[in-house]
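Observations on the three-dimensional arrangement
Take a look at the letters that make up each chain.
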Amino acid sequence: MTKDMVPGVKVAVVGVTGAVGTEMVTVLHDRNFPLTDLRLFASARSAGKTLETPFGSKTIEEFTVDSVAECDVALLAVSGDFSKEYAPQLAERGVTVIDNSSAFRYDDDKPLVVPEINADAIGDAKIIANPNCTTAILAVALQPLHAKFGLKRAIVSTYQAASGSGAPGMKELEEETRNILQGGQSSNKVFVHPLPFNVIPHIDKFQDNGYTKEEMKVTWETRKIMRIPDLPLSCTAVRIPTLRAHAEAATLEFDKPVTPQAAREALSDAPGVKIVDDPEANAYPMPLNASGHYDVEVGRIRQSIVFGDHGLDIFVCGDQLLKGAALNAVQIAECVVSGKVR
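1. Let's talk about the packing of aromatic side chains
Inspection of every chain in the model, using the stated rule, returns six aromatic pairs. Each ring, one from F82 and one from Y86, has its centre 4.7 Å from the other, and the planes form 45°; the classification is tilted. Taken together, the residues F82 and Y86, both in helix α3 (residues 80-92) and four residues apart, mark about one turn of the helix. For F82, a relative accessible area of 23% puts it in the partly exposed group. Take Y86: its relative accessible area is 22%, and that puts it in the partly exposed class. A centroid spacing of 5.9 Å and a plane angle of 70° characterise the contact between F149 and F254, whose relative ring orientation is edge-to-face. Residue F149 is found in helix α5 (residues 133-149), and its partner F254 is found in strand β11 (residues 246-254); the two are separated by 105 residues along the sequence. Of the two residues examined, F149 and F254, each falls in the buried class.

Following this line, the structure appears as structure tokens:
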């Protein structure tokens, strides 16, 4: 706990039985969040069960507005429909709601926040949106470069882990991979096609422009978070058979000339960024190494063949369940209670 933080915060985690909700509890403990009470909520099906947490054994409660309204901050790891219905009710009762769904990301009156970039957007908002996981990871890497060189356009390809579909997605990948290795066939319920030993260039619903909604989220949300409302950004989102941590390749054009070395210098002091960029030692960002870590790894930094001295190509990896979800939400909560980014 830092001396600037206000002690005595009561925190609710809603949707605690999911992958993101579970990570939220761990991150709260790991970052020594200044809470005096932590309450865990889920559906009636899970209510009454005991959950082992870093804070000790906790009993899961059934969600009700009245119960969560007894807390100061609510971290929501639930569906967009649930958030749309209940987040405004909680906000009216004085609870600061940090929502991990897409329910409020595109509302002009709701801040969409990556604390390293736009913590000042929080203000006195009672509902704060957590970005799409892919966007959050990418934006952390782009912002230091934009601040120094002026981002003009971006072309992004993502390599997204099964964790993007939560615990059910990770479970399906593990079980269906096992089926294949044991001589059986792979089936699919969570993903649109079998994922083991495959890649699927389809995440979320296709839009009228031929992009998927996941791809458009990266465009819409990056523009809002980085305050570049007309940024040309094209994304191709691909699901790959890794458990957690998303990877992204980005081709970038800038207003000012840039070199790989200048880019490394800009990234070296950036909060939440870890440079992993030593090709001679075979060191570059990979999901295997980024999983379970807070920082976003950036590497393969090179001059763009397409955009010349005004362009870069980079490769980025970040843990989808952490910086892409739970960590970012807790960092927002830290800003709410302290006014500062930790």
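2. Points about the sheet that holds strand β8 (residues 127-129)
Read from one edge to the other, the open sheet built from six strands follows the order β5-β2-β1-β6-β7-β8, with strand pairing classed as parallel. Only two strands of the sheet have a single neighbouring strand rather than two, namely β5 (61-62) and β8. Sitting on the sheet, α3 is in contact with β1 (9-14), β6 (73-76), β7 (96-99) and β8, with an inclination near 160° to β7.

Parameters at a glance
Within each chain, residues carry numbers counting from 1 in the order of the written sequence. For a predicted model such as this one, the threshold for reporting local features is a pLDDT of at least 70, and the threshold for listing and counting side-chain atom pairs is 80 or more; totals across whole chains, interfaces and linings nevertheless cover every residue. Neither water nor hydrogens contribute to the side-chain values; these are computed over all heavy atoms in the structure. In this analysis, rings of Phe, Tyr and Trp, with Trp reduced to its six-membered ring, are considered paired at centre separations within 6.5 Å, and the interplanar angle assigns stacked below 30 degrees, edge-to-face beyond 60, and tilted for intermediate values. Put simply, DSSP marks the helices as runs of H or I at least four residues long and the strands as runs of E at least two long, and each gets a number from the N terminus on. Using a 1.4 Å probe on the protein chains alone, a residue whose accessible area is under 20% of its type maximum counts as buried, one over 50% counts as exposed, and one in between counts as partly exposed. At least two bridges found by DSSP between two strands is the condition for calling them paired. Any two residues having at least one pair of non-hydrogen atoms within 4.5 Å are treated as being in contact. Lines are fitted to the C-alpha atoms to define the axes, a helix being fitted only along its stretch in contact, and any angle between axes, read from their N-to-C directions, falls within 0 to 180 degrees.

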